[in-house]
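Residue-level structural notes
Residue strings, one per chain:
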Amino acid sequence: MRRVVLLTIMSLVLAESRGLARPAVQDNFNDNNQGAMWTLYVDYEPTCWVDETNGRLEVRATSSATNNMAGYVANGWWLDPAEDFNFRIDYNYSRRSLTDGWLSVELVLDPDNPWSNYITFDAGCEENYSYLWYGVVESGEPVEEALAYRSGDSGTIYISYDSSADAVYLSNTGYGAANQTFEVLRQLKERWMGSPVYIRIGGGSAGTSLSPGEAYFDNFVVEGSSDPWRLDFDGDGKSDLLWHRISTGAHFVTLINDGVPGPYKYVGGGGDPDLEIVALGDCDGSGTTDLLWHRASTGANFVTLMTGGVPGAYQHVGGGGDPDLEIVGLGDCDGSGTMDLLWHRTSTDAHFVTLMTGGVPGPFQYIGGGGDPDLEIIGLGDCDGSGTTDLLWRRISTGAGFVTLMTGGVPGPYQYVGGGGDPDLDIIGLGDCDGNGTTDLLWNRTSTSANFVTLMTGGVPGPYQHVGGGGDPDIEIIGLGDCDGNGSMDLLWYRASTTTYFVTLMTGGVPGPYQCVGGGGDPDLGIVGLGDRDGNGTTDLLWHRTSTRENFVTLMTGGVPGPYLYVGGGGDPDLEIINLE
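Residues numbered from 1 in each chain as written. Predicted model: local features only at pLDDT ≥ 70, side-chain atom pairs only at ≥ 80, totals over all residues. Heavy atoms only, no water.

Focus: the overall build of the protein chain
Each helix and strand counted, the protein chain has 0 helices and 51 strands in total. For the protein chain, the C-alpha radius of gyration of 24 Å lies close to 25 Å, the compact-globule estimate for 581 residues. When its C-alpha atoms are laid out on the principal axes, the protein chain stretches across 75 × 50 × 50 Å. A total of 581 residues make up the protein chain; the buried ones form 58% of that total. Within the protein chain, contacts between residues at least 6 apart in sequence are counted, and of these 51% link residues at least 24 apart. Carbon and sulfur atoms make up 53% of the accessible area of the protein chain, which amounts to about 20600 Å² in all. Of the charged side chains in the protein chain, 27 are positive and 78 negative, and the gap between their average positions amounts to 2 Å. (Helix = DSSP H or I, 4+ residues; strand = E, 2+ residues; numbered from the N terminus. Rg over C-alpha atoms; globule rule 2.2 N^0.38 Å. Buried < 20%, exposed > 50% of the residue type's maximum accessible area, 1.4 Å probe, protein only. Contact = heavy atoms within 4.5 Å. Areas by Shrake-Rupley, 256 points an atom, 1.4 Å probe, with all protein chains shown as cover. Lys, Arg positive; Asp, Glu negative; His and termini not counted. Charge placed at Lys NZ, Arg CZ, Asp CG, Glu CD.)

Looking at the sheet that holds strand β31 (residues 401-404)
Spatially, 4 strands are ordered β29-β30-β31-β34 in an open sheet, and the strand pairing comes out antiparallel. The two strands at the open ends of the sheet, each matched to only one other strand, are β29 (375-381) and β34 (415-418). The mean angle between the axes of side-by-side strands here comes to 35 degrees, regardless of whether they run parallel or antiparallel. (Pairing = 2+ DSSP bridges. Axes fitted to C-alpha atoms, helices over the stretch in contact; angles between N-to-C directions.)

Section: the sheet that holds strand β47 (residues 525-531)
Spatially, β47-β48-β49-β50 is the arrangement adopted by the 4 strands of the open sheet, whose pairing is antiparallel. In this open sheet, the two strands that pair with only one neighbour each are β47 and β50 (560-568). Each adjacent strand pair in this sheet contributes to an overall mean axis angle of 30 degrees, direction not counted. Relative to strand β48 (residues 540-545), β47 runs antiparallel, the two being bridged by 6 bridges. Considered in β48, the bridge of G526 is made with H544.

Notes on the packing of aromatic side chains
With the rule as written, the count across this model stands at 30 aromatic pairs. Where W38 meets F220, the ring centres are 5.0 Å apart and the plane angle is 65 degrees; that geometry is what we call edge-to-face. Within this pair, whereas W38 is found in the loop between β1 (25-27) and β2 (39-42), its partner F220 is found in strand β15 (residues 215-224), the two being separated by 182 residues in sequence. F220 sits in the buried class, given a relative accessible area of 0%. When the ring of W493 is compared with that of Y514, the centres are 5.3 Å apart and the planes differ by 75 degrees; the resulting orientation is edge-to-face. Of this pair, W493 sits in strand β42 (residues 490-495) while Y514 is found in the loop between β45 (510-511) and β46 (515-518), placing the two residues 21 residues apart along the sequence. (Phe/Tyr/Trp six-rings, centres within 6.5 Å; stacked < 30°, edge-to-face > 60°.)

Section: the pairing of β31
What you see with β31 is no split at all: G401 and V403 on one side and F402 and T404 on the other are buried throughout. The pairing of strand β30 (residues 390-395) with β31 spans 4 bridges and is antiparallel. Note that in β31 the partner of R394 across the bridge is G401. Taking the residues that link successive antiparallel strands as the turn, the β30-β31 hairpin has 5 residues, and the phi of G399 there is positive, at about 80 degrees.

Digging into the side chain of T120
Relative to the elements of secondary structure, T120 occurs in strand β8 (residues 118-126). On the accessibility criterion, T120 (3% relative accessible area) is buried. Within the structure, T120 has its side chain in polar contact with the side chain of E106 (distance 3.1 Å). Here D122 takes part through its side chain, which lies 2.6 Å from a polar atom of the side chain of T120. With residues up to four places along the chain from it excluded, the contact list for T120 reads S104, V105, E106, W133, Y134, G135 and L170. (Polar contact = N/O pair within 3.5 Å; in protein donor to acceptor, adjacent residues only side chain to side chain.)

Observations regarding the pattern of salt bridges
Enumeration over the complete set of coordinates arrives at 22 salt bridges. The partner of R245 in a salt bridge is D572, and the shortest N-O contact between them spans 3.0 Å. Placement of R245 in strand β16 (residues 241-245) and of D572 in the loop between β50 and β51 (575-577) is noted, with a sequence separation of 327 residues between them. A relative accessible area of 23% places R245 in the partly exposed class. By sharing partners, the salt bridges in this structure join D51, R56, E58 and R60 into a single network. (Salt bridge = Lys/Arg side-chain N within 4 Å of Asp/Glu carboxyl O.)

Let's talk about the confidence of the model for the protein chain
With 92% of its residues at a pLDDT of at least 70, the protein chain reaches an overall mean of 86. This stretch, residues 1-23, has a pLDDT under 50; its non-local contacts, to residues over four places away or in other chains, come to 109 contacts. (pLDDT = per-residue confidence, 0-100.)

Side note on a nonpolar patch on the surface
On the surface, a cluster of nonpolar side chains totalling about 340 Å² of accessible area is made up of Y129, L147 and Y149. Mapped onto the secondary structure, Y129 falls in strand β9 (residues 129-138). (Patch = residues over 30% accessible without salt bridge, like charges linked within 9 Å, V, L, I, M, F, W, Y side chains within 5 Å.)

Focus on the state of the cysteines
Taken as a whole, this structure holds 0 disulfides when the rule is applied. C433 forms no disulfide, and the closest cysteine sulfur to it belongs to C383, at a distance of 12 Å. C433 sits in the buried class, given a relative accessible area of 1%. The cysteine C483 is free of any disulfide, with C433 supplying the nearest cysteine sulfur at 12 Å. Given the relative accessible area of 4%, C483 is considered buried. (Disulfide = S-S within 2.5 Å.)

Regarding the side chain of H294
Tracing the sequence through the fold places H294 in strand β20 (residues 290-295). One polar contact links H294 to N301, side chain to side chain, over a distance of 3.1 Å. Setting aside residues up to four positions removed in sequence, H294 forms contacts with D274, L275, E276, V278, G299, A300 and N301.

Concerning the environment of G368
Mapped onto the fold, G368 is located in strand β28 (residues 360-368). It is 16 Å that separates the C-alpha atoms of G368 and L355, two residues lying 13 residues apart in sequence. Ignoring any residue separated from it by four or fewer positions in sequence, one finds G368 in contact with D349, A350, H351, W393 and Y414.

Things to note about the environment of V310
Mapped onto the fold, V310 is located in strand β23 (residues 310-311). A sequence separation of 57 residues divides V310 from V253, and the C-alpha atoms of the two residues are 9.1 Å apart.

Thoughts on the nonpolar core
The biggest cluster of nonpolar side chains holds 44 residues, and the ones touching the most others in it are F29, F87, I119, V168, L170, I201 and F217. Apart from residues lying up to four places away in sequence, F29 is in contact with W38, E52, G55, R56, L57, Y72, I89, I201, F217, D218, N219 and F220. (Core = buried A, V, L, I, M, F, W, Y, C linked by side-chain atoms within 4.5 Å.)

What follows is the structure in structure tokens.
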């Protein structure tokens, strides 16, 4: 078995798919168009509707509206009760009336049956009383509610979830129990059975007219959630498998449900050896992983946007006829919730980004490196926790590492992060090792095999902290993943002499003891991929048996692997799993 090194460093097309901090997903409503992450929930034109205008999401209604609501619904970031999550949205409700009008933010169990099970947090006015209100509805019937006075027209609605307590906190001051205005207990896990949670935003009226500027939302941000960059072709919150048939060039996906794959579904490339998949990422912000293709003969690049596991048409995204220009990475460089394209011009070493909107790239924007062949990008990650993908650079001659922090697709100045003048020390991986929402740097000292982490805060690294391997050249780090679901990236190790794999679970940037996760004494079996295959918020292990071409998954719970589950490929040397995650 030829072991596959899973670290994202030096292979930029992998950089956002696995092993990095979880970026914020946001919509500032500034482009006055419905973002791809949202589905129009309902519109009752001409009596009650939503309108993105003036850089915000307006709720409008006429006096003839009667208990009507309009708004958006989405879960493109997979809010998952297996983990904590937080999101917020700014609001303004200034209408005073004897009848009832409101803005609402809701957690919804099933968007296809929206009035069956939901939790709502409203800001509105009735009988000239400005209120905050929450309600819980089960099977279409209200089961609890409470009312509070609201002072002022504008504010922020904060909704957070504590997975360990199965508690939803609703607030207009901040996240968590300490800031709660209202609390909902034992709902998402106990009654909703831990299903994915959708967000609905909008407003309504029971006879109140809502004119422009009286009721609107702005600045929606999901700041803590399940993994919004997992390899998910159908948007169900579980990592799927991508396959390639060598003889024909055809590509297929098998959609995973609880670790078990469905049938092969064709997604493109058959009969065209000139076309290959080179990267994966959510290029339209819809919550599904899309396919990025490259045509070798022309240098052209295309994206096929995935919906429900089915690809759309090929859409050209740049590079055609210019062999000097190549895509080298994907990352959300402007914090819009979509993957942007990172380019490199070989002749000048200049790097560019094209920002994606709805699967369509904007113009090339220069981001650094031009005219300096000694400087190269070696990784991508959110090093300051701002929700945008930052650029990690290395100066070849000195080994010095730098980061340029991205804001709106524009890089800041180079900031030194370590390694300068020490050719024995290399950055080998990126991941949020302390769970604070920023991407940390994983280092290896070649002479001693020791590994270190520098924890990033605001784009600035802390001191080197030893995380294992010193003095033992037989063991090395090969990957990063959250194997126990605590929100921090754990370290996956391989011992060459015994072909054994281990994990050390990270807490606050400190590793626990080595725990064996499989493979011992079986050189024919190796880990070739990482991803959450059952949607429980932990990174599972994908294995490949060389002699039979069989592939297996072991589902992780609390850092402990379950039994091997067969997922396909056995006995077919023409079929291979593509590991771009």
